[in-house]
Structure formats: C-alpha cells, structure tokens
Amino acid sequence: MLYSTARVVTDRPHRYLKQLVSHMGHKVPTELDEERGSVIFSLGRCLLVASTAHFDMIVEAGAADAAAAVEDTITSHLLRFATKDPLVVDWLPLVRPATTEDDGALLALDRAAWTAGSGLPSTRVEERTAYFNERRKPESHLVAALGGQIVGAVSTHQTTPFPEGAHVFGLWNLVVAEPARRMSIASALLTAAERRVGAQGAKKIGLRVLATNTGALRLYERHGYAVEGRHVDEFLIDGSYVDDISMGKRLTSPAPGTV
C-alpha cells in the first residue's frame, strides 16, 4: 500500500469535513462521526480527521496512480466548497526517512508514547537527552508526519552480522503518538519499512513484542506476521512474568524445493 497526507488549515475544519463526506456519500460509500470521516473508492480510500484549526486527510491506495486519482478527486470536490476560504491542499508522503533534525521530536514522541505494557521499565531509568546515538541512527529510521509534525516512527536493522543471515532484517521501535492512532499511521510505517528492507535485499523481516502488548500483536497479525516462538516468562515487569513473542514475515515467496 501507498500512503499520502495533506493538512488543510481552516477555522472551520468540522464543517468542511462533514460537507465533503456527506457530498461524496451520494457517489461512493462513506463513514462519518463527529471528529472523522472516510471516503471509500474502488481504487483506495481517504480518511479525514478534524482538529481545532485544521483537518488531516490520509489517502491509502495500492499503487501510485490510484493514490493520485484519489487525491485529485478529494481535492477537486473539497475546493468546490471553499468559495470563501482560500484552502491549500498539498499532498505529501505520509512516511519519509528520518534526519538528524528529527532528534528532538523523536525523543518527545518516545517519552510520550511509551507504556509499561509495550516496553521494559528499566530502559526508562536513565533520562536521555538525545534520541539518536551510536546504536540508534537516523539512516535506520522512518518517520510519519502530519502537517510537519512527527507522529510516528519505526526502525529496521539487519538482525545478524553474518553473511548467511544477510537476508533477514528486524523491525524495532514502532511507535505512534496517542492522538494519531486509528489513522493507519502504524500500517503506513510497517508498509514503508517492509518496502525499504526489501529494496536492501531482505527476504524476511522479524520482530519481538511483549505478550502484554495486545494491540501491537493484532496489528502485526493483520499485516501477515506469524508467531515463530514464545519465550515464556522472559521478563519480570512490575512483579509479573511476561512472555516475549517472536514474530516473522516472509517478504518473498520461498524458492521451489524449500520450506
């Protein structure tokens, strides 16, 4: 899947969101509530989320031309309503490579989004002053941004230095800000991470997730990751033993004669 986004600044975000979704509902399936709506085309879909002084639009489609067609349709219909407001619609990739300038935003995101169910408390004992370090580098990270604000991140690395395992990459540090959840951000990051490692020669991608992180487990399963191992009572967290689950996904079909 491909994902793109546009943030539209306006003092009437809810009005435009409801007007656009209601209008498109005469042509294609739609969903609408107080804060968000979605428009579902045969080529893809557009999610719209309203905030105080803007609304975000996220397009999800299977190919670049399909994404462009959805973007063009949504933009043209939206601008028809904006006879009094000079709305600006600038579509950008939802996910991009991280840079050193993202350090402060990623540090703040990491602090805000961490929970005891998703990570080890001992990793929070030492207060870090920077996100990137010798082990955690910008070139291994992807970030998701809405309106220039980083709302998610993920990193990928080869899991072993040995040439026999050069085809296996690991996925780490997938995180999405609380206000940006339920907006396909995690799915966009996963898709982009798989595309990136595939371009680097990966045939398989793996990850580890705590058994208490049920939301992440459901996300990975939806994206085709299967449980490959369960490390029972691997960690003692807040007085309770927690299993660590290993999951993996083949990025290419196995060659004939292999399993």
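Preceding this section is the structure that the text describes.
I will try to describe carefully the structure that is included in this document. If you're wondering where the values come from, they're calculated on a predicted model, not measured in any experiment. (Residues numbered from 1 in each chain as written. Predicted model: local features only at pLDDT ≥ 70, side-chain atom pairs only at ≥ 80, totals over all residues. Heavy atoms only, no water.)

### What about the layout of surface pockets?
Of the pockets and cavities examined, the largest pocket occupies roughly 1700 Å³. Considering the residues around the largest pocket, the lining is formed by 44 residues, among which Ser118, Trp172, Asn173, Leu174 and Val175 are closest to the centre. Put simply, the second largest pocket is a space of about 340 Å³. With 4 residues, helix H3 (residues 103-113) is the largest single contributor of residues to the lining of the second largest pocket. Among the residues making up the lining of the second largest pocket, the classes are represented as 13 nonpolar, 3 polar and 2 charged. (1 Å grid on protein atoms, 1.4 Å probe; cavity = no way out; pocket = protein on both sides within 12 Å on 5 of 7 lines; lining within 4 Å. Points joined across faces, edges and corners; volume = space filled by probe spheres on them. Helix = DSSP H or I, 4+ residues; strand = E, 2+ residues; numbered from the N terminus. Nonpolar A, V, L, I, M, F, W, Y, C, P; charged D, E, K, R; others polar.)

### What about the sheet that holds strand E8 (residues 141-146)?
The strand order across the open sheet built from 7 strands is E7-E8-E9-E10-E11-E13-E12, with neighbouring strands paired in mixed fashion. Only two strands of the sheet have a single partner each, and these edge strands are strand E7 (95-97) and strand E12 (226-237). Mean inter-strand twist for the sheet, computed between neighbouring axes without regard to direction, equals 25 degrees. Here 7 bridges tie strand E11 (residues 204-210) to strand E13 (residues 240-250), and the two strands are oriented antiparallel to one another. Of the residues in E13, the one forming a bridge with leucine 210 is aspartate 244. Seen against the sheet, helix H5 (residues 214-222) touches strand E10 (168-176), E11 and E13 and runs at an angle of roughly 160 degrees to E11. (Pairing = 2+ DSSP bridges. Axes fitted to C-alpha atoms, helices over the stretch in contact; angles between N-to-C directions. Contact = heavy atoms within 4.5 Å.)

### Observations regarding the sheet that holds strand E2 (residues 30-32)
Here we have 6 strands laid out as an open sheet, ordered E2-E3-E4-E5-E1-E6, and antiparallel in their pairing. Edge positions in the sheet fall to E2 and strand E6 (92-93), since each of these pairs with one other strand and no more. Pairing of strand E1 (residues 2-9) with strand E5 (residues 54-61) involves 8 bridges; the strand directions are antiparallel. Bridge pairing in E5 links alanine 6 to methionine 57. Against the sheet, helix H2 (residues 64-81) makes contact with E1, strand E3 (36-40), strand E4 (44-50) and E5, and its axis sits at roughly 150 degrees relative to E5, the strand it touches most.

### Things to note about the packing of aromatic side chains
This model, assessed by the stated rule, comprises 2 aromatic pairs. With a centroid separation of 5.3 Å and 80 degrees between ring planes, the pair formed by tyrosine 131 and phenylalanine 132 is classed as edge-to-face. Here the basic side chain of arginine 136 rests over the ring of tyrosine 131, its NZ or CZ set 4.5 Å away from the ring centre. (Phe/Tyr/Trp six-rings, centres within 6.5 Å; stacked < 30°, edge-to-face > 60°. Lys NZ or Arg CZ within 6 Å of the ring centre and 35° of its normal.)

### Description of the pattern of salt bridges
Taken as a whole and judged by the stated rule, the model has 11 salt bridges. A salt bridge links glutamate 34 to lysine 18; its shortest N-O distance comes to 3.4 Å. Linking glutamate 34 in the loop between E2 and E3 with lysine 18 in helix H1 (residues 13-24), this pair joins segments that are 16 residues apart in sequence. One salt bridge connects lysine 249 with glutamate 194, and the closest N-O pair in it is separated by 3.1 Å. With lysine 249 in strand E13 and glutamate 194 in helix H4 (residues 185-199), this residue pair connects regions lying 55 residues apart in the sequence. (Salt bridge = Lys/Arg side-chain N within 4 Å of Asp/Glu carboxyl O.)

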